[in-house]
Amino acid sequence: MSDVLVVADHRRGDLRDVSFELLTAGRELADAADGDLHAAVVSGNVEEFAEELNREGVDQVHTVDYGEEFNHDVYTQAVVALAEELDPEFVVTPNSVNGLDYAPAVATRLGRPYVSDATGLDYADGTLEVTREMYGSKVETTVDVAEGPFVVTTRGGEWPPVEGSGDAEISAFDVDVDEDAVRSTVKGFEEVGGGDVDIGEADFLVSIGRGIEEEENLALVEELVDATGATLSSSRPIVDNGWLPKNRQVGQSGKQVTPDVYLAIGISGAVQHVAGMKGADTIIAVNNDPNAPIFDIADYGVVGDLFDVVPALIEEFGGEPPSV
Amino acid sequence: MKVLVTVKEVATVEDDFEISGTEIEETYLDYDLNEWDDYAVEEGVQLAEAGDDVEVVAVTIGPERSEETIRMALAKGADRAVRVWDDAIDDVELLDVETKAELLAAVVEDEDPDVVLSGVQANDDSFGATGVALAETLGFEWAAVVNALDTEKVLDEGVASVRRELEGGVEELTDVELPAVLAIQTGINEPRYASLRGIRQAQSKEIDVQSLDDLALGADDVASDLDVTAMYEPETESDAQYLEGDAGEQASALAEVLREKGVVGE
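Residues numbered from 1 in each chain as written. Chains lettered and ligands numbered in written order. Predicted model: local features only at pLDDT ≥ 70, side-chain atom pairs only at ≥ 80, totals over all residues. Heavy atoms only, no water.

Student: I'm lost on the overall build of chain B in this one. Help?
Tutor: For chain B, the count of helices and strands is 8 helices and 15 strands. When its C-alpha atoms are laid out on the principal axes, chain B stretches across 65 × 45 × 40 Å. Within the span of chain B, comprising 266 residues, buried residues form 56% of the whole. Long-range pairs, those at least 24 residues apart, make up 70% of the contacts in chain B with a sequence separation of at least 6. Accessible surface for chain B amounts to roughly 11,500 Å². Of this, 40% is attributable to carbon and sulfur atoms. Charged side chains of chain B number 17 positive and 69 negative; the gap between the two group centres comes to 8 Å. (Helix = DSSP H or I, 4+ residues; strand = E, 2+ residues; numbered from the N terminus. Buried < 20%, exposed > 50% of the residue type's maximum accessible area, 1.4 Å probe, protein only. Contact = heavy atoms within 4.5 Å. Areas by Shrake-Rupley, 256 points an atom, 1.4 Å probe, with all protein chains shown as cover. Lys, Arg positive; Asp, Glu negative; His and termini not counted. Charge placed at Lys NZ, Arg CZ, Asp CG, Glu CD.)

Okay, here's the thing in structure tokens:
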């Protein structure tokens, strides 16, 4: 029997959605390996979290009642101790920002192979086959990981969350946390980029990405925004470059938006961006690369040069394209 | 103080490309400094500029071709460069995280830096794990997905006071003790362009090439647990309705869609 241990993600009092997706991925692995599915939750209101994690297909929930919020030193110690106790074939965490901050340390400490950001998992005859993307999502690969046990992180949004309630055994797991080895201290949290515009409230977002090339060219998109009464948003590189403030950023590390129409101009559609805008009712993409991943989720596609299409669109709405 | 920056030459893929077996054919690949590492180099150089007697050492794992990439780090202000390579590494198709951490740890142990900066992830294999695995291998502290670092505290107090960029526009404020590995997120700074003078100077700087022997490692240490078994272009799931014609016709059709959806008035 080869068990699976999944570790939930939570923040500021709430379990994150990826935790319930993780239960699905974990159950699939447990079925393939003929084992039990163990879920663990570390820090925070662990009893309440454990009740929420008690969903269909979960055999046991382990709670580690230590501290309030994520601290990677505590998580590493707790998950390593649990893995040593339960000896699961798989330790699985979300490929979230916090997952990135402790799962590699867990793998190193346990001396197990580590594969991150899985979009698919298959297990047979002792070999784990992981589906992953490479080269900025341009290719998909399958990677065989020989000789478990394994540590794996899973990409959010790739597995459906488990919904139904379960009858798992819930138990407290005592970890004798070595305080001397806790050399990081979380001081607090801050919401960033509040600003005067809430792109989360907009019905019509015109969103710009790397394809705009130069800061000066933003004037073109701003004219379109003026002519159509839209709200301007962007993908990450535009904010990284300091061309727009953080409160305009759509994506995993920015805002989640749900407009009626999302017009993505010069945005390739990296997975981190898509995570923030896939809830839009209608997605329209303008991009000169016909293979850009944004077209996979678009309802309408315009394959063309934004420097030709956008001026023409401005004129359609009675505006005057600036010369860029 | 010494700052070590790990940099990686990454392959970038042209829009149209072909796959041969489990690799993209060489003719469709270009090579460049990993975007995340560019920010890490800048952060290291800014630390050197803010402090007295701060040395910045760039280290990479890569074949001779990657010297072009590490010279970019030198041109931008790194003082020295180390390149790790060996025929035994060349034989490995996909280096696993453990191996990368072992190789870099051997260099860190030689160099004994106070701070190691690495990019959060590399654009080619996207493991996003080397920094944290390296820290754990060394017994260093760490922080991943760092989008702000208090330079003064690093220099004056020996504490890395960082912001970690969480999902959904929330940042975590965390202090980590040095020595530490910080995995740097894009946007933490504005990476400089290498000046012509810097590029010229970088050409004449020596790159210290280290083999497995030099690092007291053996071929067994680079045996990877990973085996790429297939590579393919993702199947397009697009059911997008494409608006055809020249730019004017496309814009006209697009305007019609926007009016139909009721988000733009007549």
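There's plenty left to go through after this.
Student: Which parts of the structure should I look at to understand the nonpolar core?
Tutor: Soluble, globular proteins show a tendency: their nonpolar side chains are buried together. Counting residues in hydrophobic clusters, the biggest one holds 67 residues, and the most contacted among them are Phe-90 and Leu-128 of chain A. If near-sequence neighbours (up to four positions away) are discounted, Leu-128 of chain A is found in contact with Leu-29, Phe-90, Leu-121, Asp-122, Tyr-123, Val-143, Asp-144, Val-145, Phe-150 and Val-152 of chain A. By size, the runner-up hydrophobic cluster in this structure holds 38 residues, among which are Val-84, Leu-95, Ala-135 and Val-181 of chain B. (Core = buried A, V, L, I, M, F, W, Y, C linked by side-chain atoms within 4.5 Å.)

Student: Explain the packing of helix 5 (residues 218–228) of chain A against helix 9 (residues 306–316) of chain A here, please?
Tutor: All names here are of chain A. The geometry of helix 5 relative to helix 9 is characterised by a closest axis approach of 9 Å and an angle of 30° between their N-to-C directions. One finds that helix 5 runs roughly parallel with respect to helix 9. The two elements helix 5 and helix 9 cross, and the hand of that crossing is left-handed. Across the interface between the two elements, Leu-220, Glu-223, Leu-224 and Ala-227 of helix 5 pack against Leu-306, Phe-307, Val-310, Pro-311, Leu-313 and Ile-314 of helix 9. Its residues assigned to classes, the contact of helix 5 with helix 9 shows 9 nonpolar, no polar and 1 charged. (Axes fitted to C-alpha atoms, helices over the stretch in contact; angles between N-to-C directions. Parallel < 35°, antiparallel > 145°, perpendicular 65-115°, else oblique. Left-handed = near helix turned anticlockwise from the far one by under 90°. Nonpolar A, V, L, I, M, F, W, Y, C, P; charged D, E, K, R; others polar.)

Student: Help me out: how do you make sense of the interface of chain B and chain A in this one?
Tutor: Often, the extent of an interface is quoted as the loss of accessible area on bringing the components together. If you look at the interface, chain B gives 83 residues, while chain A gives 82 residues. Roughly 7,100 Å² of surface becomes buried between chain B and chain A when both sides are summed, with 54% attributable to carbon and sulfur atoms. Notably, a salt bridge pairs Lys-246 of chain A with Glu-165 of chain B, separated by 2.9 Å at the nearest N-O pair. Scanning the region where chain B abuts chain A turns up 43 residue pairs in polar contact (both at pLDDT 80 or more). Split into classes, the residues belonging to the side of chain B that touches chain A amount to 39 nonpolar, 21 polar and 23 charged. (Buried area = accessible area lost by both parts, 1.4 Å probe. Salt bridge = Lys/Arg side-chain N within 4 Å of Asp/Glu carboxyl O. Polar contact = N/O pair within 3.5 Å; in protein donor to acceptor, adjacent residues only side chain to side chain.)

Student: I tried to follow helix 4 (residues 97–111) of chain B on my own but got confused; where do I start?
Tutor: For an α-helix the count is 3.6 residues per turn, leaving residues at separations of three or four pointing the same way. All names here are of chain B. An ideal rise of 1.5 Å per residue puts 21 Å on 15 residues; helix 4 measures up with 21 Å between its terminal C-alpha atoms. Buried residues of helix 4: Val-97, Thr-99, Lys-100, Ala-101, Leu-103, Leu-104, Ala-105, Ala-106, Val-107, Val-108 and Glu-111, and no others. Of the residues one or two after helix 4, Asp-112 is the one with positive phi, at around 55°. (Expected span 1.5 Å × (residues − 1).)

Student: How should I be thinking about the packing of aromatic side chains in this particular structure?
Tutor: Aromatic ring pairs: the centre-centre distance and the angle between the two ring planes describe each pair. Scanning all chains against the criterion turns up 7 aromatic pairs over all chains. Ring centres of Phe-70 of chain A and Tyr-102 of chain A lie 5.8 Å apart, and the angle between their planes is 55°; this geometry places the pair in the tilted category. Placement of the pair is Phe-70 of chain A in the loop between strand 5 (60–64) and helix 3 (72–86) and Tyr-102 of chain A in helix 4 (residues 97–110), with a sequence separation of 32 residues. Tyr-102 of chain A shares its class with Phe-70 of chain A; the two are buried. Cluster of aromatic residues (ring-pair linked, three or more members): Phe-70, Tyr-75 and Tyr-102 of chain A. Its end group placed over the ring of Phe-127 of chain B, Arg-132 of chain A keeps NZ or CZ at 4.0 Å from the ring centre. (Phe/Tyr/Trp six-rings, centres within 6.5 Å; stacked < 30°, edge-to-face > 60°. Lys NZ or Arg CZ within 6 Å of the ring centre and 35° of its normal.)

Student: Whenever I open this one, the side chain of Asp-73 of chain A confuses me. Can you help?
Tutor: Structurally, Asp-73 of chain A is set in helix 3. Although Asp-73 of chain A lies buried, it forms no salt bridge, and the closest oppositely charged side chain, Arg-183 of chain A, sits 5.6 Å away as judged by the N-O distance.

Student: Mind showing me how you'd approach the pattern of salt bridges here?
Tutor: It is possible for side chains bearing opposite charge to pair when their charged atoms get close. Going through the model one piece at a time under the given rule, you end up with 32 salt bridges over all chains. As a salt-bridge pair, Asp-101 of chain A and Arg-164 of chain B come within 3.5 Å of each other at their nearest N and O atoms. Taken together, the residues span two chains, with Asp-101 of chain A in helix 4 and Arg-164 of chain B in strand 10 (residues 159–165). A relative accessible area of 1% means that Arg-164 of chain B is categorised as buried. The residue Lys-100 of chain B makes a salt bridge to Asp-125 of chain B at a minimum N-O spacing of 3.0 Å.

Student: What should I look at first to understand the packing of helix 9 of chain A against helix 8 (residues 247–260) of chain B in this one?
Tutor: Helix packing for two helices is described by the angle between their axes and how far apart those axes are. Two elements in contact, helix 9 of chain A and helix 8 of chain B, have axes whose closest approach is 8 Å; the angle formed by their N-to-C orientations is 50°. Classed by the angle they form, the pair helix 9 of chain A and helix 8 of chain B counts as oblique. In the packing of helix 9 of chain A onto helix 8 of chain B, the handedness of the crossing is right-handed. Residues Asp-308, Val-309, Ala-312, Leu-313 and Glu-316 of chain A of helix 9 of chain A touch helix 8 of chain B, and the partners they reach there are Ala-247, Gly-248, Gln-250, Ala-251, Ser-252, Leu-254, Ala-255 and Arg-259 of chain B.

Student: Can you walk me through the sheet that holds strand 14 (residues 204–208) of chain A in this structure?
Tutor: Pairing between the strands of a sheet comes from backbone hydrogen bonds, and it takes one of two forms, parallel or antiparallel. One open sheet accounts for 6 strands, arranged 15(A)-14(A)-16(A)-17(A)-18(A)-15(B); its pairing is parallel. With one partner strand each, in any of the chains shown, strand 15 (231–234) of chain A together with strand 15 (241–242) of chain B form the two edges of the open sheet. With 4 bridges connecting them, strand 14 of chain A and strand 15 of chain A associate as parallel partners. Directly across from Ile-208 of chain A, in strand 15 of chain A, lies its bridge partner Ser-234 of chain A. Of the strands in this sheet, strand 14, strand 15 and strand 16 (261–265) of chain A touch helix 5 of chain A, which is tilted by about 175° from strand 14 of chain A. (Pairing = 2+ DSSP bridges.)

Student: What should I look at first to understand empty space enclosed by the protein in this one?
Tutor: Which parts of space are left empty comes out when a probe the size of a water molecule is rolled across the atoms. A full pass over the atoms with the stated rule returns 3 cavities of 30 Å³ or more. Within this model, the largest cavity holds a volume of roughly 40 Å³. Lining of the largest cavity is provided by Phe-70, Asn-71, His-72, Asp-101, Ser-184 and Val-186 of chain A together with Ala-143, Arg-164, Glu-172 and Thr-174 of chain B. Going through the elements one at a time, strand 13 (184–191) of chain A together with strand 11 (170–177) of chain B are the ones with two or more residues in the lining of the largest cavity. Each residue belonging to the lining of the largest cavity can be placed in one class, and the counts come to 3 nonpolar, 4 polar and 3 charged. (1 Å grid on protein atoms, 1.4 Å probe; cavity = no way out; pocket = protein on both sides within 12 Å on 5 of 7 lines; lining within 4 Å. Points joined across faces, edges and corners; volume = space filled by probe spheres on them.)

Student: Can you help me understand the layout of surface pockets in this one?
Tutor: Residues and elements named next belong to chain B. Its volume calculated, the second largest pocket comes out at about 1,100 Å³. If you trace the second largest pocket, you find 46 residues lining it, with Lys-8, Glu-9, Glu-93, Asp-124 and Asp-125 closest to the centre. Of the residues contributing to the lining of the second largest pocket, the split by class is 23 nonpolar, 12 polar and 11 charged.

Student: Where do I start with the sheet that holds strand 14 (residues 226–232) of chain B in this structure?
Tutor: Strands sit in the order 8(A)-9(A)-10(A)-14(B) across an open sheet of 4 strands; the sheet is antiparallel. Each edge of the sheet is formed by a strand with only one pairing partner; in this case those strands are strand 8 (120–124) of chain A together with strand 14 of chain B. Sheet twist, expressed as the mean angle between neighbouring strand axes with direction ignored, is 25°. Direction of pairing for strand 8 of chain A relative to strand 9 (residues 127–134) of chain A: antiparallel, over a ladder of 5 bridges. Note on strand 9 of chain A: the bridge partner recorded for Ala-124 of chain A is Thr-127 of chain A.

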